[in-house]
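Residue-level listing of the chains:
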Amino acid sequence: MGRWGIGAEHAELRRRRAERQRLAAEQGLDFREESPELAERWRGAVLAGGRDATPRARFAAGGELDGHQVTVFDWVLGPTGDGIRAVYLVELPQPLPLVVVSRHTLGIDTVLPLLRRSVLETGHHLYQSGDLAYDAVHLVDTTDPDVAARLLTPTVREYADDRRWLEWRVDGRWLCYVGNDGPSARTEQPLSVLRSLTRLVELADPALWGDRRPERTHTSPAATTPPPTTMPTPTATGPAAMYRGGPAHTGVHPEAAAPPGFRPWSVRLPDRPGSAPVVCAGTLYQTAGEHCYALDALTGELRWRHRAQDRMTRTPAVADGTVHLVGEDGLLRALGTADGVERWNTRVGTSAAPTVADGVVYAVSMSEFSLHHTRSSTLVATDARSGRRRWEQHLPDGSCSAAGVAQGLVYVTGVKGQLGAFRVEDGKRSWYDDNAERYLALCSPSVADGTVYLGTGAGLVHAFDAATGKRRWGVEVGGGAIDDSPAITDDLVLVGDSRTGVHALERATGMRRWHLAGPHGASAVTVSGANAWVVGAARNRALMRIDPATGTVHWRRALDATAGSPVYADGVVYVTTAKGTVLALDALTGRRPGLRQRSRRIA
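Remember, predicted model here, so these are calculated numbers, not experimental data. (Residues numbered from 1 in each chain as written. Predicted model: local features only at pLDDT ≥ 70, side-chain atom pairs only at ≥ 80, totals over all residues. Heavy atoms only, no water.)

Chemist: Help me understand the sheet that holds strand 10 (residues 278–280) in this model?
Modeler: Whenever strands of a sheet pair, they do so through backbone hydrogen bonds, lying parallel or antiparallel. A sheet is described by the order of its strands in space; here four strands give the open sequence 10-11-12-13, paired in antiparallel fashion. Of all strands in the sheet, those bounded by a partner on one side alone are strand 10 and strand 13 (302–307). Within the sheet, the average angular offset between the axes of one strand and its neighbour, ignoring direction, is 20°. One ladder, built from five bridges, connects strand 12 (residues 291–296) with strand 13; its direction is antiparallel. Paired with Y293 across the two strands is R305, which belongs to strand 13. (Pairing = 2+ DSSP bridges. Helix = DSSP H or I, 4+ residues; strand = E, 2+ residues; numbered from the N terminus. Axes fitted to C-alpha atoms, helices over the stretch in contact; angles between N-to-C directions.)

So, in C-alpha cells, the structure goes:
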C-alpha cells in the first residue's frame, strides 16, 4: 500500500492522467497511456522504490514545445501507484556525457562525504566548480569533468538553484529532471517545469552544441499583444501598492467609502493563487500559477493576463504605471499596468515580494534554510524605469522576507530573526542587530514614525530605533510564528500568529492591549481608519471585520477555503482563497455577492 493509502493512490493516478491529457490537448502533444521504453530507459535516474522495483512509465505526453522536443511522464511503482513521481525530459541539440547534479542541504556534514565516496567507487568523477558556497551543498557526478565545467556556468548554476531542483542530469540526448513524490507533487506545474528545462538548455554554453545551438522561439506574452523586447516606462508618478500596503509594510490603508454602484463579486481563477493580491488605481493584480491576472477592482472583469515562464508566488508591487513581479524562474519583470506588456526583465534570483520606493525596486533573493546550513542572500536595488541594477548587497545571514523601505534606509530580516539596515543610495550597511533565534523568520519589518517593528518565528515582537538599531522593547505574544508584517496604528501594533490568533500591543511599551483567539492562528491584519480586517477562525476560513482598538468582531464571513491576508482599497476588502476564489466585499457591511456575481470563472 502506498504512503497515502490505496484509495488516495488511485485518486492521484486519475488526477495525473487528466492533467497529462489536458497538457497534451492544450499544447498539441501526443499522449500515451503507458510506455515500457521510457520505463526501461530512465529506470536508473529515478530513485523511488530502488533499482530492484518494477517501474511503469504512465501518462506520457510528448512532442514539440517552444522549439524543443519534450516529454513528461509519471513513474509509477506497483498497481496502486506507490511512489509516483513525474519525469521531465528535454532533448539536447547534441549528445553529452553523463552529468548528474544533486543538491543537499540537510545532513551535509555526514551525507555528502558518503555520497562522494560512492561516486568515486563507480569510476565516475566528482566535479567542483570552485564556488565554495555552491560546492558545499552540491554533488556533481560526471563521466567527463570538462563537459561538466562547460555546462555548469555561473548562470546555469544560479538558474537551477533558483528552481530549487534537488537533482537534474544530462544523459546522452536528454536533459532529465525527476519531480517530487507524494502530496507535494501537487504544487508542480508540468508546463512550467518543461519550460524551465528548455530555458536551462538555452542558458548553457553554446559551444557545447557546436553548430546545432538552440534558438529561443517563444516569449512571455500578455493576453493579447506580444511584448516588445524593451519599452520605455512612463515618467509620471502615480499611486502605488505592494505587499502590506506600501514600502514601509505598515498594513494601513487610506480610508474611503465604497464607490457608488459597487456590488460585491467573486471570481474563480484557473490556478492556485501564490500570494495576497494588490489593488491600485481601480485594478486588482493577483499572481496564480505562472500568470499575473489584472481584474477590474469594481466588477472582477478580466482586463489582461500575463504568462511568465514559471510560477509566480509573491505579491506584485505596483508603482508609476508599472507592475513589478518576481517568479520562481528568478526574474524580476516590469509590466505596463494598462496592457500587461513586459517592458524589461532582469535576473535577481528566486526572491521575496518586491518593494518599490522612489523609483527603485528592491528584491531579496530567498535563502535556503536547514539545521546545518543557511545559504546567503542578496539584496538587489534595480532602477524601476530601465531595469538597470543600481547596487547589490551580500546578506551572509540569508533572508526569506521582503525588504522594508523608509527614511532613506532598506530594512531586511535574516532567516533567524536578525535585522539589518542599508542605505538606499549605495546599499552600505548602516546598522545590524544580531537577534539570532533557532526558528526560521519569514516576517518583513514594518516601519513607522522612526521605529522598526519585527515579528519572529519564535512568536516574539521587537521594536528598534529605525536610525540606530537600538532595541526599544521585545515581548513574546502567543508562541506561534509571526510570518507577516505587523500592522501599525497610531498607538497599537497588531500581529497575527500561526497558533493563537491576533494580538494587539502598545506601540510605546509592547504591553498587551487585547487578544482575539484563533484556533489555527490568523493572517496579517489590514487597517483603515477605525476598522481592521483579518482572516482567522477554524482553519483560517473566515474573513472578519474587527475594531482595531478593542478586538471586537463586527462581522464574520465564511470562505470556501483557507485564505491569506485581506487587502483594503477604496471601501472594499479583497481576499483570495486557496481554491482560487478572489472575493470582493463591502468593507463595512461585509455584504456577500449575489448568485450572478459569484458564479464567474476565468478560463
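Chemist: Any chance you could explain the packing of aromatic side chains here in plain terms?
Modeler: Given two aromatic rings, their pairing is described by the distance between the two centres and the angle made by the two planes. Taken as a whole and assessed by the stated rule, the structure comprises eight aromatic pairs. Ring centres of Y453 and W473 lie 6.3 Å apart, and the angle between their planes is 50°; on these two criteria the pair is classed as tilted. On the criterion of sequence distance, the pair formed by Y453 in strand 27 (residues 451–455) and W473 in strand 29 (residues 471–476) is long-range, its members being 20 residues apart. As far as burial versus exposure is concerned, Y453 and W473 are alike and both buried. Seen in terms of ring centroids, W533 and Y568 are 4.9 Å apart; in terms of plane orientation they differ by 20°. Their pairing is stacked. Taken together, the residues W533 in strand 35 (residues 531–536) and Y568 in strand 38 (residues 567–569) connect sequence positions 35 residues apart. Both residues of the pair, W533 and Y568, count as buried. Ring pairing ties together the aromatic residues Y411, W431 and F464, which thus form one cluster. Above the ring of W42, the side-chain terminus of R41 is found at 4.1 Å from the ring centroid. (Phe/Tyr/Trp six-rings, centres within 6.5 Å; stacked < 30°, edge-to-face > 60°. Buried < 20%, exposed > 50% of the residue type's maximum accessible area, 1.4 Å probe, protein only. Lys NZ or Arg CZ within 6 Å of the ring centre and 35° of its normal.)

Chemist: Please explain the environment of V380 as it appears in this structure.
Modeler: As for its placement among the helices and strands, V380 is situated in strand 20 (residues 377–383). Distance in space between the C-alpha atoms of V380 and V348 is 6.9 Å, their sequence separation being 32 residues. What V380 contacts, discounting residues up to four positions off in sequence, is V348, V361, Y362, A363, R389, W391 and E392. (Contact = heavy atoms within 4.5 Å.)

Chemist: Please explain the sheet that holds strand 16 (residues 331–336) as it appears in this structure.
Modeler: Read across the sheet, five strands follow the order 8-14-15-16-17 without closing on themselves; strand pairing throughout is antiparallel. Sheet topology places strand 8 (240–241) and strand 17 (342–347) at the edges, where each strand pairs with a single neighbour. The pairing of strand 15 (residues 322–326) with strand 16 spans five bridges and is classified as antiparallel. When the sheet's bridge partners are listed, V326 is paired in strand 16 with L332.

Chemist: In this structure, what is going on with the pairing of strand 12? I would like to understand it.
Modeler: On a regular strand, one side chain projects to one face of the sheet and the next to the other, so that they alternate. Among the six residues in strand 12, six count as buried, and that is most of the element. Side-chain alternation along strand 12 places H291, Y293 and L295 on one buried face and C292, A294 and D296 on a second face that is also buried. Both strand 11 (residues 283–288) and strand 12 contribute to a ladder of six bridges, which runs antiparallel. When the sheet's bridge partners are listed, L284 is paired in strand 12 with L295. Counted between consecutive antiparallel strands, the loop separating strand 11 from strand 12 contains two residues, among which G289 sits at a positive phi close to 60°. With antiparallel pairing between neighbouring strands as the criterion, strand 12 and strand 13 make up a hairpin whose turn holds five residues, including G300 at a positive phi of roughly 85°.

Interpretation in functional terms is not warranted from these geometric data alone.
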